[in-house]
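# What the coordinates show
These are the residues of each chain, in order.
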2 protein chains.
Amino acid sequence: MQYHFDGFTPGDPRVRPEAQGAGERPTEVDVLIVGCGPAGLTLAAQLSAFPDIVTRIAERKPGPLEMGQADGIACRSMEMFQAFGFATRVMEEAYWVNETVFWAPGEGGAGLRRTDRIDDVAADLSEMPHTILSQARVHDFYLDIMRKSPRRLTPDYGFHLTGLTRTDAPDYPVTATFEAPDSATETIRAKYVVGCDGARSTVRGSLGLTLKGDAARQLWGVMDILAVTDFPDIRLKAAIRSAHSGSLLIIPREGGAMVRMYVELDELHETERAADRNVTADMLIGKAQAILTPFTLDVRDVAWCSAYEIGQRVCDSFDDLGTEPRDARTPRIFIAGDACHTHSPKAGQGMNVSMADTFNLGWKLAAVLRGQAVPELLHTYSGERRAKAQELIEFDRDMARLFSSRSSDPDASARFQQYFQKHGRYTAGVEARYDPSMIVQAGHQPLATGLPIGMRFHSAPVIRLADAKPMQLGHAMPADGRWRLVAFAPRGDTGAPGGAIARLCHALDTAPDSPLRRYTPDGADIDAVIDLRAVFQPHHRDMDLAALPRLLTPPKGRFGLTDYEKTFCPDLKIGPQIFDRRGIDRESGALIVVRPDQFTAAILPLEDIPGLTAFFARFMLPQH
Amino acid sequence: MQYHFDGFTPGDPRVRPEAQGAGERPTEVDVLIVGCGPAGLTLAAQLSAFPDIVTRIAERKPGPLEMGQADGIACRSMEMFQAFGFATRVMEEAYWVNETVFWAPGEGGAGLRRTDRIDDVAADLSEMPHTILSQARVHDFYLDIMRKSPRRLTPDYGFHLTGLTRTDAPDYPVTATFEAPDSATETIRAKYVVGCDGARSTVRGSLGLTLKGDAARQLWGVMDILAVTDFPDIRLKAAIRSAHSGSLLIIPREGGAMVRMYVELDELHETERAADRNVTADMLIGKAQAILTPFTLDVRDVAWCSAYEIGQRVCDSFDDLGTEPRDARTPRIFIAGDACHTHSPKAGQGMNVSMADTFNLGWKLAAVLRGQAVPELLHTYSGERRAKAQELIEFDRDMARLFSSRSSDPDASARFQQYFQKHGRYTAGVEARYDPSMIVQAGHQPLATGLPIGMRFHSAPVIRLADAKPMQLGHAMPADGRWRLVAFAPRGDTGAPGGAIARLCHALDTAPDSPLRRYTPDGADIDAVIDLRAVFQPHHRDMDLAALPRLLTPPKGRFGLTDYEKTFCPDLKIGPQIFDRRGIDRESGALIVVRPDQFTAAILPLEDIPGLTAFFARFMLPQH
């Protein structure tokens, strides 16, 4: 965290300086978010960071969520929470999914035996753990970020969306009407509207879009319980397949006592809905006891229970242009999260993918609204996220089928287990890869084989040069809407004049068409839009900070104080170091272009300033 | 964090269930704390954790501190913050002191050269970093803990202590009078009073005690500045000795921009005080510029500056019994922190030692007030802490002398550097060792050579058996007033019947004179007073949780839910494992008795139940 640059200020540094108009509830806004779930809150938290973007977020429910249904937080989401600044709070409160165990019928179908035990998160998959924490607490953390943000943003609870129209009026081309808690009608005009209003989305309905996909027949029960058992793996994630009673998935919960169980129930008939079965806690408990036999399960309290038969469904488009040709118009209304894709909770993906939707959208909206990027950038949201949703649905379908397949099949357990392990990267959320587009450029992958283009920038341990702090390089990339250039230096380069990094910095600092010069507004810090960082190969004690180019120790803020946090060296105390872990070409180095949502957009040779200039010219708007 | 044991409750788990009478401001209290500095707040936070202890904390100032003078947080204090639950917040905000550099005059006395660069915290000295953060923020974190505690404790600001009398009245033997903010007189009767009211302590004065020691002649200036410099180590802790202009200590501050400088000034004359010199920021800046020559120092903003000539002084006693014989009475009034010892800030010890004072006192007061321990336990506070203060003063005197000694002496730099390195453990706060007493028992040290008796229990990485979580063993010891028994199992022992751990557990669980039975009140959880933990030698996947003794998976809370967080195995992924790091005798194992303030009280053979019983019988009170 960097603060005090404009003078010492007392108090919590997370409480950012208040922007003009902060906390107000204007009826004309830049962005109107409908829905206060994980997708809506991720977007609201992202937008609230910009002092100049006016947002409102409306929620149908009368107040904040107290008890969430989703709970699994994938490693990739934890990385995103880190960028928002609350990952450590989640790590403190959450259950950590460290290992997963598999149980199957014992010899001759009698009893249960543990067939395998594996690391849930493979080594160096992410610097973050896979955690389990109530969705309600994730909401709390987002609401806290919003309250402390420059915009001091808080939701409008009890707001029912009653109408939504794209008017294409010049200033505010979308008009939304709400029924407010006092039954009055409130009309909000917006530049952009984002529907994060769940599987029965009113926003989606207003666009005439529908969720398409399979009807779901398999019924599952889910309950959060406090229980006493002699099943030894009750505090591990456990997939249990009994011989004759079906399957059970155990997810230990935060706090050391509560456990979530997903219980397989009978298939639904053609026209039946989950609600028709009248599933009770006692039914679920009885079923779980049967599956766990010969182990005991004495349920002392039921915190929550439900039944679901969610199918795998997805929308044709995630914005108001639908499938129409995209030449003439740019989108003004978007949908995200459950509003545009639904799937079963067993893969633990729902909340995670919803948050990833709006983390993808947030910086794009901000860039367009702030005049940094062309509105066509917004096409990439539906393009990128719909492809990911489609992949997820296919994964979820396979997973659900394998999990529910009859346990009498002797190979079923082995197949499920193999599938589970193979797709560990996928469920961790780190496998998502965006196709080439105006903001993802293929090429030069061999310069950094461990940083696949289109995938999230994979962090690694480094030492920050100026203060010798051991840290994660990825943690120098907060969710602040900035692009990052990460320059990995070639062998022998210490940043001194004549080296590749010095030449790169000189060009970026002085060339008239340098993206840093072209896209940074007058009077702003040189890293306000594009933030250059460098990683050198020597031990940090063999570096000379004084010899670094000015762009790596730039003057910032009203006092022109030096920013010392741009330059890193490998951490040689922790296993393989960053150049090896991420497959950086040690002879030539590499320039990695990282999007504001932490995805690798491009890889370029260090000297390829024209290539870098051309990349940004595809979607950025010059500021002079 | 363990929660939901008595049923699911929504919201922040750090907000503990509210005790009866919480938040009230009664005029009859168990403990009255005078002073809201680090010592007072550590004590208040500790006491507020107990639903049944009524505390008030009064502060002369009109509101919370906004800008603190102390800033260095030693590793040991970070460990204590971890026990209170806010270490990660400090780690996020603070500057981390990773390395220290030494600068001395260059060849022939010209300019400056870096003479050495060392790790500030040696490997495996502590799992916590040495950090720098404004004292005001530390206060904020304590106040937050207090607000969320069962007692919902908040300070009484604007309260001036005007009188303090030990009346020896039966219920409330101490009476204090205050002038409240509205000028009214408020009388508070207390069982115990603790004066944490600083170097000019009114409480100390009322006891007739004085600080004794050297008058200070060496004048130092200190300032927090925002500056631009070409000195390359401005973001490292740097001790700089110039040839002719004196010495300078640089302590980088949190936030990446601010820097603290301690600047050596001329010695004071016999009768002179620091205030007489009228030290200004410009004077300090000029001096710092001279010392740093040939490097530039362009100060853009001064956040704070001061001058001090604090001597090394200590009280003869830290309680109201003074030096009188201790047979007849037990203490009712205590002093802590600057009220009983003062020293220069350069060793970065003041705030840390003050907090350690009251962390030592807090659990003792709680144990006596709750009827768990004999009042004679309270004698150990003055005994233990005065010895530590005396040591600190001697250390500080040597350190200050070495730092100020004339730089023309060619060996001075080398001597200072050697001294600094040699005493790294001391400045980290992990060297404090209490002498044998009723709560520190010598003997059996060879069973655990890396856990010196009388010193803080040194944490190490472990895997928690039930959920395979990698964690620090020391982090299973929150500041909740409980004693811990850490049973290290001998080779081959897996906790199964017949082994040493099973025998230990059986005896502790069933023997009529077992300390767990004798000192645990009826109806309380079996670990409510003495908390048993076990560490086994095998890989955690080779253990059978179901075979553990009941005492290691005890039923707890109103539902009788199993506590699965008692048992650990070595973490084999991280360097040397715990049995090797802490020198545990692998053949015989060891039973470590750990005090509520995390100090190792005794080491016993696993089978020595009589020894354990005898140890606790020295100061604990049977509950049946």
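Conventions used here
Residue numbers here run from 1 along each chain, matching the order of that chain's written sequence. All chains are assigned letters beginning with A, and all ligands numbers beginning with 1, in the order in which they are written. Where totals are concerned, whole chains, interfaces and linings use all residues; where local detail is concerned, this predicted model gives features only for residues with pLDDT of at least 70, and gives and counts side-chain atom pairs only at 80 or more. Computation of side-chain values covers all heavy atoms of the structure but excludes hydrogens and water. Only DSSP runs of H or I reaching four residues or more are called helices, and only runs of E reaching two or more are called strands; each is numbered from the N terminus. Each residue is placed in one exposure class: buried if its accessible area under a 1.4 Å probe, protein chains only, is under 20% of its type's maximum, exposed if it is over 50%, and partly exposed if it falls in between. Here, any two strands with at least 2 DSSP bridges between them count as paired. What counts as an axis is a line fitted to C-alpha atoms, over the stretch in contact for a helix, and the angles between N-to-C directions run from 0 to 180 degrees. Working rule for contacts: check all heavy atoms of both residues, and any pair within 4.5 Å makes them a contact. Accessible surface is computed with a 1.4 Å probe, and the buried area is the amount of it that two parts give up when combined, taken over both parts together. Salt bridge criterion: a side-chain nitrogen from Lys or Arg within 4 Å of a carboxyl oxygen from Asp or Glu. Distance and chemistry together define a polar contact, namely a pair of N or O atoms within 3.5 Å, with one atom able to donate a hydrogen and the other to accept it when in protein, and with adjacent residues in sequence counting only for side-chain atoms on both sides. Following the grouping adopted for this structure description, the nonpolar residues are Ala, Val, Leu, Ile, Met, Phe, Trp, Tyr, Cys and Pro, the charged ones are Asp, Glu, Lys and Arg, and the polar ones are all others, Gly among them. Overlaid copies result from least-squares superposition on C-alpha atoms, with residues included only where pLDDT is at least 70 in both. Every helix has an expected span of 1.5 Å times one less than the residues it contains. Centres within 6.5 Å make a pair out of two Phe, Tyr or Trp rings, where for Trp the six-membered ring is used; the pair is then stacked when the planes are under 30 degrees apart, edge-to-face when over 60, and tilted otherwise. Each angle is binned into one of four classes, with values under 35 degrees roughly parallel, values over 145 roughly antiparallel, values of 65 to 115 roughly perpendicular, and all other values oblique. If you view the pair so one helix is near and one far, a crossing is left-handed when the near helix is turned anticlockwise from the far one by less than a right angle, and right-handed when it is turned clockwise. Every residue gets a pLDDT, meaning the predictor's confidence in that residue, from 0 to 100.

What follows deals with unusual backbone geometry. Following Thr293(A), the chain continues into Pro294(A) via a peptide bond in cis, with omega recorded as 15 degrees. Among the secondary structure elements, Pro294(A) is positioned in the loop between α6 (281-292) and β17 (297-308). Here the phi dihedral of Arg152(A) falls at roughly 50 degrees; this positive angle occurs in a residue that is not glycine. Among the structural elements, Arg152(A) can be located in the loop between α4 (135-148) and β8 (156-157). Unusually for a residue other than glycine, Gln598(B) sits at a positive phi of about 75 degrees. Its place among the elements puts Gln598(B) in the loop between β28 (590-594) and β29 (600-604). The class for Gln598(B) is buried, based on a relative accessible area of 6%.

All names here are of chain B. Read across the sheet, 3 strands follow the order β12-β18-β20 without closing on themselves; strand pairing throughout is antiparallel. Sheet topology places β12 (211-213) and β20 (341-342) at the edges, where each strand pairs with a single neighbour. Sheet analysis places strand β18 (residues 313-315) next to β20, joined by 2 bridges and oriented antiparallel. Each residue of the ladder has a partner; that of Arg-313, found in β20, is Thr-342.

A few words now on the sheet that holds strand β22 (residues 469-472) of chain B. All names here are of chain B. The sheet built from 7 strands is open, its strands ordered β22-β21-β27-β24-β23-β28-β29 with mixed pairing. On the outer flanks of this sheet lie β22 and β29, each paired with one strand and no other. Across this sheet, the average inter-strand angle for adjacent strands is 30 degrees, counted without regard to direction. As paired strands, strand β23 (residues 483-488) and strand β24 (residues 530-535) are joined by 6 bridges and run parallel to one another. Each bridged residue has a counterpart across the sheet, and for Trp-483 the counterpart in β24 is Ile-530. Running over the sheet, helix α11 (residues 500-510) touches β23, β24 and β28 and is turned about 150 degrees from β23.

Reports often express the size of an interface as the amount of accessible area lost when the parts come together. Each side of the interface is counted separately: chain A has 61 residues, and chain B has 61 residues. For the pairing of chain A and chain B, the buried interface totals around 5,300 Å² over both sides, and the portion due to carbon and sulfur atoms is 54%. Among the residues chain A hides against chain B, the three largest losses belong to Phe8(A), Glu92(A) and Arg541(A). Together they make up 12% of the total. Taken together, chain A and chain B are joined by 12 salt bridges. The shortest N-O distance in the salt bridge between Glu92(A) and Arg89(B) comes to 3.0 Å. Summed over the shared surface of chain A and chain B, the number is 25 residue pairs in polar contact (both at pLDDT 80 or more). Elements supplying a minimum of two residues to the side of chain A that touches chain B: α3 (87-93), β4 (95-96), β6 (112-119), α4, β13 (218-229), β17, β22 (469-472) and β26 (561-562) of chain A. Here the side of chain A that touches chain B gets 5 residues from one element, more than from any other, and that element is α3(A). Tallied by class, the residues present in the side of chain A that touches chain B amount to 29 nonpolar, 12 polar and 20 charged.

What follows is about the relation of the copies chain A and chain B. Each copy of the sequence occupies a distinct position, and chain A is placed on chain B by a rotation of 180 degrees and an axial shift of 0.0 Å, giving an RMSD of 0.0 Å. What the rotation and shift describe, once combined, is the action of a two-fold rotation axis. Relative to the rotation axis, the closest C-alpha in chain A is found at Thr88(A), a distance of 3.6 Å. Comparing interface residues between copies, 100% of those in chain A also lie at the interface in chain B; the contact surface is shared.

Let's shift gears to the pattern of salt bridges. Where side chains of opposite charge bring their charged atoms close, a pairing between them can arise. Under the definition given, this model contains 122 salt bridges over all chains. Asp119(A) is the salt-bridge partner of Lys573(B), the closest N and O atoms lying 3.7 Å from each other. Of this pair, Lys573(B) sits in the loop between β27 (567-570) and α13 (578-581) while Asp119(A) sits in strand β6, which puts the two residues in different chains. Exposure remark for Lys573(B): the relative accessible area of 71% places this residue in the exposed category. The salt bridge partner of Asp531(A) is Arg484(A), with a shortest N-O separation of 3.1 Å. Of this pair, Asp531(A) sits in strand β24 (residues 530-535) while Arg484(A) sits in strand β23 (residues 483-488), and the two are 47 residues apart along the sequence. Given a relative accessible area of 0%, Asp531(A) falls into the buried group.

Here the focus is α4(A). Residues and elements named next belong to chain A. Between its first and last C-alpha atoms α4 spans 20 Å; for 14 residues at 1.5 Å apiece the expected length is 20 Å, and the two agree. Most of α4 is tucked away: 10 of the 14 residues are buried. Every buried residue of α4 is accounted for by Gln-135, Ala-136, Arg-137, Val-138, His-139, Phe-141, Tyr-142, Leu-143, Ile-145 and Met-146.

Residue and element names in this part refer to chain A. Counted according to the given criterion, the structure contains 50 aromatic pairs over all chains. Ring centres 6.3 Å apart and planes at 50 degrees place the aromatic pair Phe-318 and Tyr-381 in the tilted group. Of the two residues, Phe-318 sits in the loop between β18 (313-315) and β19 (333-335) while Tyr-381 sits in helix α8 (residues 379-404), which places them 63 residues apart along the sequence. Grouping residues by exposure puts Phe-318 and Tyr-381 together as buried. Members of the aromatic cluster, joined through ring pairs, are Phe-81, Phe-84, Phe-86, Phe-141, Tyr-142 and Phe-359.

Further remarks concern the pairing of strand β10 (residues 174-179) of chain B. Residues and elements named next belong to chain B. Burial along β10 is one-sided: the residues Val-174, Ala-176 and Phe-178 are buried and none of Thr-175, Thr-177 and Glu-179 is. Taken together, the 6 bridges between β10 and strand β11 (residues 185-195) define a ladder with antiparallel strand orientation. Bridge pairing in β11 links Phe-178 to Glu-186. The antiparallel hairpin formed by β10 and β11 contains 5 residues in its connecting segment, where Ser-183 sits at a positive phi of about 70 degrees.

A few words now on the packing of helix α1 (residues 38-48) of chain A against α4(A). All names here are of chain A. Where α1 contacts α4, the axes come no closer than 9 Å and their chain directions differ by 20 degrees. By the angle between their directions, the pair α1 and α4 is classed as roughly parallel. The element α1 and its partner α4 pack so that their crossing is left-handed. On α4, the residues touching Pro-38, Leu-41, Thr-42, Ala-44, Ala-45 and Ser-48 of α1 are Gln-135, His-139, Tyr-142, Leu-143, Ile-145 and Met-146. By residue class, the composition of the contact of α1 with α4 is 8 nonpolar, 4 polar and no charged.

Right, let's talk about the confidence of the model for chain A for a bit. Where the model shows low pLDDT, its predicted coordinates should not be examined in detail. This prediction gives chain A a mean pLDDT of 93; 97% of its residues lie at or above 70. Interface predicted TM-score (ipTM) for the complex: 0.95; the corresponding pTM is 0.96.

This part is about the packing of helix α2 (residues 75-84) of chain A against α4(A). Geometrically, a packed helix pair is captured by the angle between its two axes and the distance between the axes. Residues and elements named next belong to chain A. Where α2 contacts α4, the axes come no closer than 11 Å and their chain directions differ by 25 degrees. Taken together, α2 and α4 sit at an angle that is classed as roughly parallel. In this structure, α2 crosses over α4, and the sense of that crossing is left-handed. Here Met-80, Phe-81 and Phe-84 of α2 come into contact with α4, specifically with Val-138, Tyr-142 and Ile-145.

This part is about the environment of Asp597(B). Residue and element names in this part refer to chain B. Tracing the backbone through its elements, the reader meets Asp-597 in the loop between β28 and β29. Here Asp-597 falls in the buried class, since its relative accessible area comes to 1%. In the structure, Asp-597 is positioned 18 residues away from Phe-615 in sequence and 17 Å away in space, judged by C-alpha atoms. Beyond its immediate chain neighbours, meaning those up to four positions away, Asp-597 contacts Arg-76, Phe-359, Asn-360, Trp-363 and Tyr-434. Reaching out from Asp-597, the side chain makes a polar contact with the side chain of Arg-595 at a distance of 2.8 Å.

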